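A structural walkthrough
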There are 2 protein chains.
Amino acid sequence: MATNIIEALNWRYAVRKFSAERIAEERIQDLLTATRLSATSYGLQPYRLVMVNSRETREKLLPHSYGQEKVLQCSHLVVFAAQKSIGDTMVNNYIHSVSTARGVPESSLQGLADHMKGVFAGMDSRQRREWAHQQAHIALGTLLTAAAAMKIDTCPMGGIEPAGYDSVLNLETLGLETSVICALGIRHPEDTNSNLKKIRYDASEMVLTL
Amino acid sequence: MATNIIEALNWRYAVRKFSAERIAEERIQDLLTATRLSATSYGLQPYRLVMVNSRETREKLLPHSYGQEKVLQCSHLVVFAAQKSIGDTMVNNYIHSVSTARGVPESSLQGLADHMKGVFAGMDSRQRREWAHQQAHIALGTLLTAAAAMKIDTCPMGGIEPAGYDSVLNLETLGLETSVICALGIRHPEDTNSNLKKIRYDASEMVLTL
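Side note on the overall build of chain A
Counting secondary structure elements, chain A contains nine helices and five strands. The N-to-C order of helical and strand elements in chain A reads α-α-β-α-α-β-α-α-α-β-α-β-α-β. Residue burial in chain A is summarised as follows: out of 210 residues, 54% are buried. Considering only residue pairs separated by 6 or more positions, chain A has 81% of its internal contacts joining residues 24 or more positions apart. Accessible area for chain A stands at about 9,100 Å²; split by element, carbon and sulfur atoms hold 49% of it. Computed over 22 positive and 22 negative side-chain charges, the inter-centroid distance for chain A is 2 Å.

Focus on the relation of the copies chain B and chain A
Mapping chain B onto chain A calls for a screw motion: a turn of 180° about the axis and a shift of 0.0 Å along it, with 0.0 Å RMSD after fitting. Both chain copies can therefore be described as sitting about a two-fold axis.

Points about the interface of chain B and chain A
You'll often see interface size given as the accessible area lost when the parts meet. With 67 residues of chain B at the contact, the number on the chain A side is 67 residues. Interface of chain B and chain A: buried area, both sides summed, is about 6,400 Å²; carbon and sulfur atoms make up 66% of it. Linking chain B with chain A are four salt bridges, by the criterion used here. With a closest N to O distance of 4.0 Å, E205 of chain A and R48 of chain B form a salt bridge. Where chain B meets chain A, there are 32 residue pairs in polar contact (both at pLDDT 80 or more). Of all elements in the fold, only α1 (2-11), α2 (25-36), β1 (47-51), α5 (88-102), α7 (125-149), α9 (203-206) and β5 (207-209) of chain B reach the threshold of two or more residues within the side of chain B that touches chain A. A class-by-class count of the residues in the side of chain B that touches chain A yields 37 nonpolar, 17 polar and 13 charged. Both strand β5 (residues 207-209) of chain A and β1 of chain B contribute to a ladder of three bridges, which runs parallel. When the bridges of β1 of chain B are listed, T209 of chain A appears paired with M51 of chain B.

Comments concerning the packing of aromatic side chains
Residues and elements named next belong to chain A. What the rule picks out here adds up to two aromatic pairs over all chains. Measuring from ring centre to ring centre gives 4.8 Å for F120 and W131, while their planes differ by 70°; the resulting arrangement is edge-to-face. Of this pair, F120 sits in helix α6 (residues 110-121) while W131 sits in helix α7 (residues 125-149), and the two are eleven residues apart along the sequence. When sorted by exposure, F120 lands in the same class as W131, which is buried.

Focus: the packing of helix α2 (residues 25-36) of chain A against α1 of chain B
Two numbers describe a pair of packed helices, the interaxial angle and the distance between the axes. Contact pair α2 of chain A / α1 of chain B: the axes reach a minimum separation of 9 Å and the direction vectors enclose 15°. On the basis of their axis angle, the class for α2 of chain A and α1 of chain B is roughly parallel. Relative to α1 of chain B, α2 of chain A is oriented so that their crossing is left-handed. From α2 of chain A, D30, T33 and A34 of chain A reach across to α1 of chain B, where they touch A2, I6 and L9 of chain B. Of the residues belonging to the contact of α2 of chain A with α1 of chain B, the class tally is four nonpolar, one polar and one charged.

Here's the deal with the sheet that holds strand β4 (residues 176-185) of chain A
Pairing within the open sheet is mixed, and its five strands lie in the order β3(A)-β4(A)-β2(A)-β1(A)-β5(B). Each having just a single partner strand, β3 (153-157) of chain A together with β5 of chain B make up the two edges of the open sheet. Shown here is a sheet whose adjacent strand axes are inclined to one another by a mean of 25°, direction ignored. Pairing geometry for strand β2 (residues 76-83) of chain A and β4 of chain A, over eight bridges, is antiparallel. By the bridge assignment for β4 of chain A, F80 of chain A is matched with V180 of chain A.

Structural notes on the pattern of salt bridges
Summed over all chains, the structure comprises 20 salt bridges over all chains. For E56 of chain A, the salt bridge goes to K60 of chain A, with nearest N and O atoms at 3.9 Å. Taken together, the residues E56 of chain A and K60 of chain A, both in helix α3 (residues 55-61) and four residues apart, mark about one turn of the helix. Relative accessible area serves as the criterion here: at 55%, E56 of chain A is assigned to the exposed category. Measuring nitrogen to oxygen at the nearest pair gives 2.8 Å for the salt bridge that ties R187 of chain A to D153 of chain A. Here R187 of chain A is found in the loop between β4 and α9 (203-206), whereas its partner D153 of chain A is found in strand β3, with 34 residues between them in sequence. Salt bridges sharing common partners tie together R126 and E130 of chain A together with R126 and E130 of chain B.

Here's the deal with the sheet that holds strand β2 (residues 76-83) of chain B
Taking strand neighbours across the sheet as the criterion, the five strands line up as β5(A)-β1(B)-β2(B)-β4(B)-β3(B) in an open arrangement whose pairing is mixed. Each edge of the open sheet carries a strand with a single partner, namely β5 of chain A together with β3 (153-157) of chain B. Ignoring which end each strand starts from, the neighbouring axes of this sheet average 25° apart. Sheet contacts for α7 of chain B: β1, β2, β3 and β4 (176-185) of chain B; angle to β4 of chain B, the most-contacted strand, approximately 10°.

Criteria and cut-off values
- The residue numbers shown here count from 1 along each chain, following its written sequence.
- By the order in which they are written, chains take letters starting at A while ligands take numbers starting at 1.
- Totals for whole chains, interfaces and linings use every residue, but because this is a predicted model, local features are given only for residues with pLDDT of at least 70 and side-chain atom pairs only at 80 or more, for both listing and counting.
- Hydrogens and waters are ignored; side-chain quantities use all the structure's heavy atoms.
- Secondary structure counts use DSSP, requiring at least four H or I residues in a row for a helix and at least two E residues in a row for a strand, with both numbered from the N terminus.
- Residue burial is assigned from relative accessible area. The probe radius is 1.4 Å, only protein chains are included, and a residue is buried under 20% of its type maximum, exposed over 50%, and partly exposed in between.
- Pairs of residues are marked as contacts when any of their non-hydrogen atoms sit within 4.5 Å.
- Values of accessible area rely on a 1.4 Å probe in the Shrake-Rupley scheme; residue burial ignores everything except the protein chains shown.
- His is not counted here, nor are the chain ends, while Lys and Arg score as positive and Asp and Glu score as negative.
- Lys charges are placed at NZ, Arg charges at CZ, Asp charges at CG and Glu charges at CD.
- Least-squares superposition aligns the copies on the C-alpha atoms of those residues with pLDDT at or above 70 in both.
- In short, buried area is how much 1.4 Å probe accessible area vanishes from two parts on joining, totalled over both.
- Salt bridges are defined by distance alone: a side-chain nitrogen of Lys or Arg within 4 Å of a carboxyl oxygen of Asp or Glu.
- Think of a polar contact as two N or O atoms within 3.5 Å of one another; within protein, one of them needs to be a possible hydrogen donor and the other a possible acceptor, and neighboring residues in sequence only count if both atoms come from side chains.
- Under the scheme applied here, ten amino acids are nonpolar (Ala, Val, Leu, Ile, Met, Phe, Trp, Tyr, Cys and Pro), four are charged (Asp, Glu, Lys and Arg), and all others, including Gly, are polar.
- Paired strands are those between which DSSP finds at least two bridges.
- Working definition: a ring pair exists when centres of Phe, Tyr or Trp rings (six-membered ring for Trp) sit within 6.5 Å. Plane angles under 30 degrees give stacked, over 60 give edge-to-face, the rest tilted.
- The axes are straight lines fitted to the C-alpha atoms, using for helices just the contacting stretch, and the angles between their N-to-C directions are given from 0 to 180°.
- Orientation is classified from the angle alone, with under 35 degrees giving roughly parallel, over 145 giving roughly antiparallel, 65 to 115 giving roughly perpendicular, and any other angle giving oblique.
- Handedness of a helix crossing follows the sense of rotation of the near helix relative to the far helix, less than a right angle counterclockwise being left-handed and clockwise being right-handed.

What follows is the structure, given as C-alpha cells:
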C-alpha cells in the first residue's frame, strides 16, 4: 500500500482547470465519509463541511475568491467552516455522542469532560479560534489524501476572502466561519499544470533527525 | 480504492499504548516520502519534520508532554516544526527550487514571486505564524491518512508544551517552532482503545449543502 499511496500523492496536483464533467454523487459521498474520519484533537470535530452546489451561490462567492473561476467550474465545492464557539457546549455535545455511541453513562465521562473544558478555559479566544482552524486543516489534509487515493482531482484554495464567504453562505447564523475551501472535479485535458514537475524539498532538507 | 481508504481510516485510531516493536526504517522513509508530498499553500512547505530518535532527548521532552509516556515508548516520534520567518527569503528559496527543478529561469517566475511576497506583506506577524502552522496541520492530515493506508499506527498529540519542545530541540537556532507532534509505532495488544467505537458526527450533522 506504500507504493499506492505515494503514487496517488504524486498523481495529485492543484488543478488549475477542471473539465465540465461532474463527479458521481456516490464517489463524493465516499470522499465525505473518508473526510469525516479525519483525526481531530480530542475527537471534537470543531468544524462542518459545507457543500456549495447552487450555481447562484457560487457566482456570489466568485468576487470573494480573487476571481478564481474554479469556484464556478468545479464539479463540487467544499468549504471547511470552523465552529466559532469553542468551549463547554461543544464538549457537552461530544460527550453526549460518546455516551450514546458507546452505551456508557455520561457521568462516567465526567473526568474527560472536565479535562477538555479546562483546556479550553486556559486558552484565550484567539487561541481557541486557531485551534479550530488547525483541526479544519488536518481534515483538509485527510480529504486531499483520500481524494488522491480515489483518483478524484482537487484544488485546495486558501487565497479567498473568508469574511465574504461567511456573509454569502450566512455562516454566522450557523455559528461557523470559513477556514479554507477545496474544489473537487476532473482535470481538464488542457490543464498543462498536470505535467509540471512537483516541487518538494529533498528529504535531506525537509527531514531533520535528532 | 474508496473502500480501501475508508477501511484504512476506520482502522486508524489514536494509539494509547504502543508495543515495544520498532517499525522498519524503510517503511518510515516511505511514510516521510508521502508526507513530503503533502499540499501546502503556494507549494511553499513552510515547516520541517523533526525525527526525535535519541532516547535521551525524548526523556527531556517528557516533562513538556504532560507525562504522556508515548513520547518515550513509540517507535518513531515526528515533530512538525513551522518556520518562523515567513516572507521574502522563504519565497526566494522556493523560486530557486522551482527554477532548478523545472529548468526555467528565475526571471520567468518573477510575477509569481512578487505575488507571494505581496500576500505575506499584507499579513501581520501573527497571521503569518498561523498560516505556517495551518500548513503543518495539513501535512499532519496527510501523514495520518498515508500511515493508515500503510497500516502504520499513529498518535497525533497537540497537547504538549511547544515552548518546552523548542527549547529541548534547539529549534530557535534552526528558525523553527513546534506545531504539533505525532508518535508512530505498532499498537500494543493490550491497548483496549483499539476496540472502542469511533465517535463521528453523522453526515446529516457534519455536512451542510447550500
